[in-house]
Amino acid sequence: MSSLTEGHPPIGIDDINDESKHKKLNTDVVERESGEREMGHSIHRSGSRPQLDLSKAAIQGNFEEKDPTILLPNQSDDISHLALDIGGSLIKLVYFSRHEDRSVNDRRKKSIKEIFGVSNCNRRSYPILGGRLHFVKFETTKINECLDFISSKQLHRGGLDARHWNSDAPDNENAVIKATGGGAFKFADLFKERLGVSIDKEDEMGCLVSGANFLLKAIRHEAFTHMEGHKEFVQIDTNDLFPYLLVNIGSGVSMIKVDGDGKFQRVSGTNVGGGTYWGLGKLLTKCKSFDELLELSQRGDNRTIDMLVGDIYGGMDYSKIGLSASTIASSFGKAISENKNLEDYRPEDISLSLLRMISYNIGQIAYLNALRFGLKRIFFGGFFIRGHAYTMDTISFAIQFWSKGDAQAMFLRHEGFLGALGAFMSYEKHGLDDLMVHHLVERFPMGAPYTGGKIHGPPLGDLNEKASGEELVGTRSSWISDMADSNLSRDAWVQYSNSSNMLGSIHCKLHENVHQLASFQSVGFKQKISWMEKFVRKGTEITAPVPMAPPGTTGLGGFEVPSSKGDTLRSDASNLNVGVLHLVPTLEVFPLLVDPKTYEPNTIDLADHGELEYWFTVLSEHLPDLVDKAVASEGGTEDAKRRGDAFARAFSAHLARLMEEPAAYGKLGLANLLELREECLREFQFVDAYRSIKQRENEASLAVLPDLLMELDSMNEEARLLTLIEGVLAANIFDWGSRACVDLYHKGTIIEIYRMSRNKMQRPWRVDDFDLFKKKVLGSGEKKPHPHKRALLFVDNAGADVVLGMLPLARELLRRGTEVVLVANSLPALNDVTAMELPDIVAEAAKHCDILRRAAEAGGLLVDVMINAADVNKENSSSVPLMVVENGCGSPCIDLRQVSSELAAAAKDADLVILEGMGRSLHTNYNAQFKCDALKLAMVKNQRLAEKLIKGNIYDCVCRYEPASSDLQSSSLS
Ligand SMILES: Nc1ncnc2c1ncn2[C@@H]1O[C@H](COP(=O)(O)OP(=O)(O)O)[C@@H](O)[C@H]1O
Ligand SMILES: CC(C)(COP(=O)(O)O)[C@@H](O)C(=O)NCCC(=O)O
Ligand SMILES: [Mn+2]
């Protein structure tokens with residue numbers, strides 16, 4: 001909007017929301033990209049970072065410069081494109097980064113592709129690229145910082161895919177960057193001079209509109225209303241989006257009537273906008289930054305300076321025309337009658353009066369234009385809004401007031417980035433048009449600062465605080481050598497396996513007492529040695545404390561429950577409200593959902609403040625234990641400790657931010673919080689915090705599995721089915737994410753409780769549809785039902801949960817002729833088993849069980865050297881297959897709107913879904929309805945949830961069976 005307001009005063013604060021704020025701009029940029037460690041997983045939604053190609057790295061420009069840019073000429077980073085919106089006040093930058101498919105050579109995957117016919121080919125003539133969209137802003141007065149940023153990230157070089165995106169740019173010589181805003185004209189020469197690129201100018205209004213249309217169609221929680229402090233996301237019906245009024249409040253204000261994609265008209269505008277507030281505010285209050293000015297307004301009282309209706313009418317309302325005494329009659333009007341100078345007014349009051357004046361005025365003009373064209377919906381964008389509650393409330397109030405509730409003001413989370421996004425969209429064949437809501441996953445990295453693959457402390461103490469870049473960067477020479485020495489992870493693993501064995505044996509000794517006690521007990525009861533007794537004796541292997549870093553080394557004793565910031569300014573919207581958009585074209589909606597439109601994954605609504613506070617406390621209190629596990633999982637090295645601290649600080653900062661504004665990252669549910677924690681661990685390079693715990697639990701469980709299977713085989717089918725379900729429920733107690741369970745582990749009693757609940761599980765369970773399920777599987781009387789064709793078993797935890805619970809159940813289904821697909825996480829989360837780990841577990845189990853062996857062979861799970869999955873299938877055509885697919889996520893919960901394409905393919909022939917565990921079947925999907933039969937199994941390991949959800953107690957069980965909706969109809973008809 002620079003065309004409306006030229007000649008701005010210098011502006012104080014710069015913001016880089018890319019991954020965080022950094023003072024040391026140039027070096028940070030390179031640092032943060034250098035931290036990639038191979039995760040060893042096929043990554044759908046990872047926070048992984050690419051390795052930098054450091055060859056021929058050289059300092060660009062003057063060596064004596066404080067923060068010289070380091071050029072990595074051979075580093076493509078697969079950056080594909082960059083687009084800019086250079087406004088009067090701020091430069092907005094949207095760039096895309098792509099990562100190569102790093103999927104590992106997973107034998108499971110190959111056979112899955114054969115079986116389900118999943119292919120990597122895209123039907124389009126050009127593919128939608130998987131990758132990430134980043135959003136960054138700079139002050140226009142600091143354009144050089146922006147150029148440095150582009151240059152250090154090599155964004156202007158177009159990367160490998162430049163030709164693909166822009167056929168006019170065969171090489172960097174003629175590189176062209178799409179840009180909009182007045183600065184695209186004003187600074188074109190500077191771009192040519194500094195970066196050697198030409199600016200391709202795009203129409204500003206067109207960009208605003210295409211940016212807004214993209215966001216409204218593709219981002220689930222983009223638009224929201226804000227009234228009296230209450231933020232509510234609006235579900236946009238993409239088929240009923242137009243027409244609407246788009247009001248972009250930048251330096252100046254544009255009002256655009258939007259009738260469709262590319263169909264719009266700028267119908268009005270005003271020169272009294274964001275630039276006016278900031279410019280006038282700066283003169284009147286001597287504020288140094290926009291945020292300071294906004295913060296002042298929060299403590300202001302505009303009545304000291306505004307002339308109110310009451311001031312004119314002697315304290316009375318002017319009720320005849322509907323004006324109350326407190327209505328502003330004239331902004332700043334009191335200043336005329338009082339004999340005061342500027343210094344006599346509080347800057348706080350001035351700022352508030354100015355903010356209200358401008359917001360009301362814009363609201364009123366917007367309303368008049370909506371009225372003029374009969375538009376009911378008004379979307380507000382532009383950085384003037386800055387996610388600021390009071391500004392939004394003021395505008396909403398104005399629209400509500402003037403339209404008498406007829407029109408609605410809505411705001412956009414990517415408020416200021418509409419134009420830049422639109423410019424990005426103007427590249428031909430960007431593929432974004434084809435993206436659907438389920439292809440996009442938004443992540444909120446904290447900006448882990450890397451040097452040479454190491455994270456140097458947390459970047460943030462408080463989100464309003466600037467990152468202390470200094471401590472992150474050593475001298476220039478050490479910085480370069482750090483970069484060259486970035487491959488530390490292998491050594492760390494070797495070190496870890498040695499030290500963990502040693503510590504493990506010490507702990508074994510410490511726990512010998514518990515061990516002995518357990519065996520005495522079993523002798524005392526004079527029970528014959530059953531698999532359970534063996535398992536109890538193996539108990540020390542399971543409950544022994546995990547090797548930990550020496551106490552106190554993580555430097556974090558406890559974590560205060562984050563408290564709301566009260567009336568201070570919310571953290572800068574652009575720092576954390578807008579994340580990095582991951583474009584994952586392989587994600588799909590789970591095809592067995594009855595109605596994906598009304599599906600809501602979360603069971604607990606965190607909009608309830610009491611609920612929010614409770615879960616925040618739970619997560620905060622779990623943090624020290626999690627950090628210990630995470631640090632131990634990386635060998636307890638100094639580097640791991642530092643990262644542990646950094647992770648804890650970053651996650652606490654997330655919690656604090658969300659406590660302050662729960663909807664800051666979109667609609668917040670418990671699943672989002674649990675996933676955020678895992679993502680945050682990954683950002684700080686904790687690949688799998690519970691790796692060794694999972695391993696030892698798997699081993700202990702596999703050792704007793706043959707005996708369990710024998711015991712099961714001695715039962716009749718009715719008793720067996722019940723025992724199997726009991727087994728799943730009881731084994732769900734092995735959960736390292738539950739505070740109560742972790743306490744049981746530490747006391748060494750978890751196995752006792754497991755044994756107890758397994759030996760005498762009390763039916764009826766709190767939710768008990770077992771008889772219904774049994775009827776469906778076994779039939780009643782003479783009538784033998786058809787077996788299910790294919791069952792999807794969403795498995796949960798490693799160890800007993802999967803080995804002694806879900807695998808035996810899978811085996812029973814296989815034996816009855818049902819194909820079984822084990823659905824497991826793509827990435828680790830707590831102690832959940834992953835799809836990568838499952839084939840080895842199955843292979844081990846198959847050694848002692850023919851049913852599992854044949855099925856696993858038929859499913860291509862036992863083929864180490866894949867000959868040809870098709871042949872294997874032919875050979876085993878008599879066996880129903882057991883398969884493993886990844887679910888596409890790395891969280892203890894699952895959002896079925898975004899699952900892997902292989903899961904979606906496997907679901908096509910499935911007629912039974914079994915969801916197991918608290919995360920997948922209670923926190924999420926408890927109320928999900930499926931087109932096929934569904935069984936939800938979990939032990940409730942949290943007292944509050946038990947009370948709330950099932951009016952029961954901790955350790956109560958849920959066995960919820962819901963037949964396919966068509967079955968329901970036929971049974972109600974008969
Ligand atoms: N950190 C900031 N620095 C300057 N202005 C800011 C900042 N944050 C929000 N603003 C507000 O945003 C306005 C610029 O909004 P923007 O949408 O970027 O418009 P433009 O394209 O005209 O620069 C400023 O005039 C000011 O009111
Ligand atoms: C993280 C979990 C959902 C994992 O449970 P699972 O899905 O493994 O059964 C669960 O442990 C949980 O909700 N924990 C937090 C609550 C608590 O500590 O009581
Ligand atoms: Mn779990």
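Everything numeric in this text was worked out from a predicted model, so none of it was measured.

**Student:** Whenever I open this one, empty space enclosed by the protein confuses me. Can you help?
**Tutor:** By rolling a water-sized probe across the atoms, one finds the places where empty space is left. Per the stated rule, a full pass over the model turns up 11 cavities of 30 Å³ or more. Put simply, the largest cavity is a space of about 850 Å³. In terms of lining, the largest cavity is formed by 45 residues, of which the most central are Val 441, Glu 442, Arg 443, Asn 672 and Glu 675. When contributions to the lining of the largest cavity are tallied by element, the ones reaching two or more residues are β17 (440–443), β20 (580–583), α22 (638–660) and α23 (670–683). Of the residues contributing to the lining of the largest cavity, the split by class is 20 nonpolar, 10 polar and 15 charged.

**Student:** What is the right way to read the packing of aromatic side chains from this model?
**Tutor:** For the coordinates displayed, the defined rule picks out 30 aromatic pairs. With centroids separated by 5.6 Å and ring planes inclined at 25°, the aromatic side chains of Phe 380 and Phe 411 adopt a geometry described as stacked. Within this pair, whereas Phe 380 is found in strand β15 (residues 377–381), its partner Phe 411 is found in strand β16 (residues 408–412), the two being separated by 31 residues in sequence. For the residue pair Phe 380 and Phe 411, the accessibility class agrees, reading buried in each case.

**Student:** Hey, could you run me through the nonpolar core in this one?
**Tutor:** Across soluble globular proteins, nonpolar side chains show a tendency to be buried alongside one another. Judged by nonpolar contacts, the single largest core of 125 residues is most densely connected at Phe 535, Phe 647, Ile 725, Tyr 754, Leu 804 and Leu 822. Setting aside chain neighbours within four positions, we find Phe 535 in contact with Ile 542, Ala 700, Ser 701, Val 704, Phe 734, Ile 751, Tyr 754, Ala 800 and Leu 804. If you look at the next biggest cluster of nonpolar residues, it comprises 65 residues, including Leu 155, Ile 256, Leu 421 and Met 425.

**Student:** Help me understand the site of ligand 2 in this model?
**Tutor:** Around ligand 2, a shell composed of 16 residues is seen, among which Asp 735, Asp 796, His 923, Lys 941 and Asn 942 lie nearest. Residue His 923 places a side-chain N or O atom 2.6 Å away from an oxygen atom belonging to ligand 2. Contact with the protein chains removes 97% of the 470 Å² of surface that ligand 2 exposes when unbound. Breaking the shell around ligand 2 down by element, the ones donating at least two residues are α21 (609–633) and α34 (918–923). With 3 residues, the single largest contributor to the shell around ligand 2 is α34.

**Student:** Just checking my understanding: could you explain the pairing of β17 for this structure?
**Tutor:** Here is the key point about a regular strand: its side chains alternate between the two faces of the sheet. Every second residue of β17 is oriented toward a common face, with Leu 440 and Glu 442 on one face and Val 441 and Arg 443 on the other, all of them buried. Here β17 runs beside β20; their pairing, made up of 4 bridges, is antiparallel. Each bridged residue has a counterpart across the sheet, and for Glu 442 the counterpart in β20 is Leu 581.

**Student:** Sorry, what's going on with the coordination of the manganese ion (ligand 3) here?
**Tutor:** In a perfect tetrahedron of four donors around a metal, the angles come out at 109.5 degrees. In a perfect octahedron of six, they are 90 or 180 degrees. Distances from the manganese ion (ligand 3) to its protein donors, Asp 796 (OD), Asn 797 (OD1) and Asp 832 (OD), fall at 2.0 to 2.1 Å. The sequence pattern formed by the donor residues of the manganese ion (ligand 3) is D-N-x34-D. Separated by 35 residues along the polypeptide, Asn 797 in the loop between β22 (790–794) and α29 (800–815) and Asp 832 in the loop between β23 (819–824) and α30 (838–846) bring together distant segments of the chain. The pair formed by Asn 797 and Asp 832 is uniform in burial state, with each residue classed as buried.

**Student:** Quick question: what am I supposed to make of α21 here?
**Tutor:** An α-helix turns once every 3.6 residues. As a result, residues three or four positions apart point the same way. Given a rise of 1.5 Å per residue, 25 residues ought to cover 36 Å, and the 35 Å separating the end C-alpha atoms of α21 matches this to within 8%. Of all bends in α21, the biggest is about 40°, found at Leu 623, and the proline Pro 624 comes one to four residues later. Capping the start of α21, Asp 608 holds a side-chain oxygen 3.0 Å from the backbone nitrogen of Gly 610, two or three residues further along. Two residues or fewer after α21 comes Gly 635, characterised by a positive phi angle close to 85°.

**Student:** In this structure, what is going on with the sheet that holds strand β27 (residues 957–962)? I would like to understand it.
**Tutor:** The strands making up a sheet are joined through hydrogen bonds of the backbone, oriented either antiparallel or parallel. Ordered in space as β21-β27-β26-β25-β22-β23-β24, the 7 strands form an open sheet in which the pairing is mixed. Either end of the sheet is taken by a strand with one partner, and the two such strands are β21 (767–768) and β24 (882–886). The sheet contact formed by β22 and β23 spans 5 bridges and is parallel. In the strand pairing of β23, Leu 793 is matched with Leu 822.

**Student:** What's the story with the pairing of strand β8 (residues 223–227) in this structure? I'm lost.
**Tutor:** For β8, the buried fraction is high: 4 of the 5 residues fall into the buried class. As judged from the 2 bridges shared by β8 and β16, these two strands associate in the antiparallel manner. Looking across to β16, one finds that Ala 223 is bridged to Leu 412. The sheet contact formed by β8 and strand β9 (residues 230–233) spans 4 bridges and is antiparallel. By the bridge assignment for β9, Thr 225 is matched with Glu 232. In sequence, β8 turns back onto β9 through a hairpin of 2 residues, with Glu 228 there showing a positive phi of about 45°.

**Student:** What's the story with the site of ligand 1 in this structure? I'm lost.
**Tutor:** Taken together, 17 residues lie near ligand 1, and Ser 89, Lys 92, Ser 251, Gly 274 and Phe 383 sit nearest. Contact distances for ligand 1 include 2.9 Å between an oxygen atom and a backbone N or O atom of Leu 90. Taking Gly 274, its main chain carries an N or O atom lying 2.8 Å from an oxygen atom of ligand 1. Bound to the protein, ligand 1 loses 98% of the 570 Å² it would expose on its own. Listed by contribution, the elements that provide at least two residues to the shell around ligand 1 are β4 (90–97) and α8 (274–285). In terms of residues, the shell around ligand 1 owes the most to one element, α8, which gives 3 residues. Here the residues of the shell around ligand 1 are counted per class, giving 7 nonpolar, 8 polar and 2 charged.

**Student:** Just to check I follow, could you spell out the environment of Asp 203 for this structure?
**Tutor:** Summarising the element assignment, Asp 203 is placed in the loop between β7 (198–201) and α7 (204–218). The residues contacting Asp 203, other than those within four sequence positions of it, are Thr 180 and Phe 264. Within the structure, Asp 203 has its side chain in polar contact with the backbone nitrogen of Met 205 (distance 3.4 Å).

**Student:** I would appreciate a short explanation of the state of the cysteines in the present structure.
**Tutor:** Cysteine pairs can be linked by a disulfide, which is a covalent bond between their two sulfur atoms. What the rule picks out here adds up to 0 disulfides. Not engaged in a disulfide, the cysteine Cys 680 finds its nearest cysteine sulfur in Cys 893; these two sulfurs lie 17 Å apart. Here Cys 932 stays free of any disulfide, with the sulfur of Cys 959 as its closest cysteine sulfur at 16 Å. Classification of Cys 932 by relative accessible area gives buried; the value is 6%.

**Student:** Quick question: what am I supposed to make of the sheet that holds strand β12 (residues 263–270) here?
**Tutor:** Sheet architecture is open: 7 strands sit in the order β9-β8-β16-β15-β10-β11-β12, paired in mixed fashion. In the strand order of this sheet, the two ends are held by β9 and β12, each with one partner. On average, each strand axis in the sheet is inclined to that of its neighbour by 30°, with strand direction left out of account.

**Student:** I would appreciate a short explanation of unusual backbone geometry in the present structure.
**Tutor:** Excluding glycine, a negative phi dihedral is what most residues carry, and trans is how most peptide bonds are arranged. With an omega of -5°, the peptide bond running from Phe 242 to Pro 243 counts as cis. Positionally, Pro 243 belongs in the loop between β9 and β10 (244–249). One non-glycine residue, Glu 228, lies in the positive phi region at around 45°. Relative to the elements of secondary structure, Glu 228 occurs in the loop between β8 and β9. In this structure, Phe 332 is a non-glycine residue whose phi angle is positive, near 65°. Within the secondary structure layout, Phe 332 lies in the loop between β14 (328–330) and α11 (334–337).

**Student:** How should the pattern of salt bridges be read in this particular structure?
**Tutor:** Side chains carrying opposite charge are able to pair once their charged atoms draw close together. Tallied over the full model, the rule gives 57 salt bridges. For Glu 675, the salt bridge goes to Arg 443, with nearest N and O atoms at 3.3 Å. Residue Glu 675 is located in helix α23, and its partner Arg 443 is located in strand β17; the two are separated by 232 residues in the primary sequence. With a shortest N-O distance of 3.3 Å, Arg 763 and Asp 771 are connected by a salt bridge. Given the relative accessible area of 30%, Arg 763 is considered partly exposed. A relative accessible area of 45% means that Asp 771 is categorised as partly exposed.

The rules behind each value
Residues numbered from 1 in each chain as written. Chains lettered and ligands numbered in written order. Predicted model: local features only at pLDDT ≥ 70, side-chain atom pairs only at ≥ 80, totals over all residues. Heavy atoms only, no water. 1 Å grid on protein atoms, 1.4 Å probe; cavity = no way out; pocket = protein on both sides within 12 Å on 5 of 7 lines; lining within 4 Å. Points joined across faces, edges and corners; volume = space filled by probe spheres on them. Helix = DSSP H or I, 4+ residues; strand = E, 2+ residues; numbered from the N terminus. Nonpolar A, V, L, I, M, F, W, Y, C, P; charged D, E, K, R; others polar. Phe/Tyr/Trp six-rings, centres within 6.5 Å; stacked < 30°, edge-to-face > 60°. Buried < 20%, exposed > 50% of the residue type's maximum accessible area, 1.4 Å probe, protein only. Core = buried A, V, L, I, M, F, W, Y, C linked by side-chain atoms within 4.5 Å. Contact = heavy atoms within 4.5 Å. Near = heavy atom within 4 Å. Polar contact = N/O pair within 3.5 Å; in protein donor to acceptor, adjacent residues only side chain to side chain. Areas by Shrake-Rupley, 256 points an atom, 1.4 Å probe, with all protein chains shown as cover. Pairing = 2+ DSSP bridges. Donors = N, O, S within 2.8 Å, 3.2 Å for Na, K, Ca; no water. Expected span 1.5 Å × (residues − 1). Bend = angle between axes of the 7 residues up to and from the residue. Disulfide = S-S within 2.5 Å. Axes fitted to C-alpha atoms, helices over the stretch in contact; angles between N-to-C directions. Salt bridge = Lys/Arg side-chain N within 4 Å of Asp/Glu carboxyl O.

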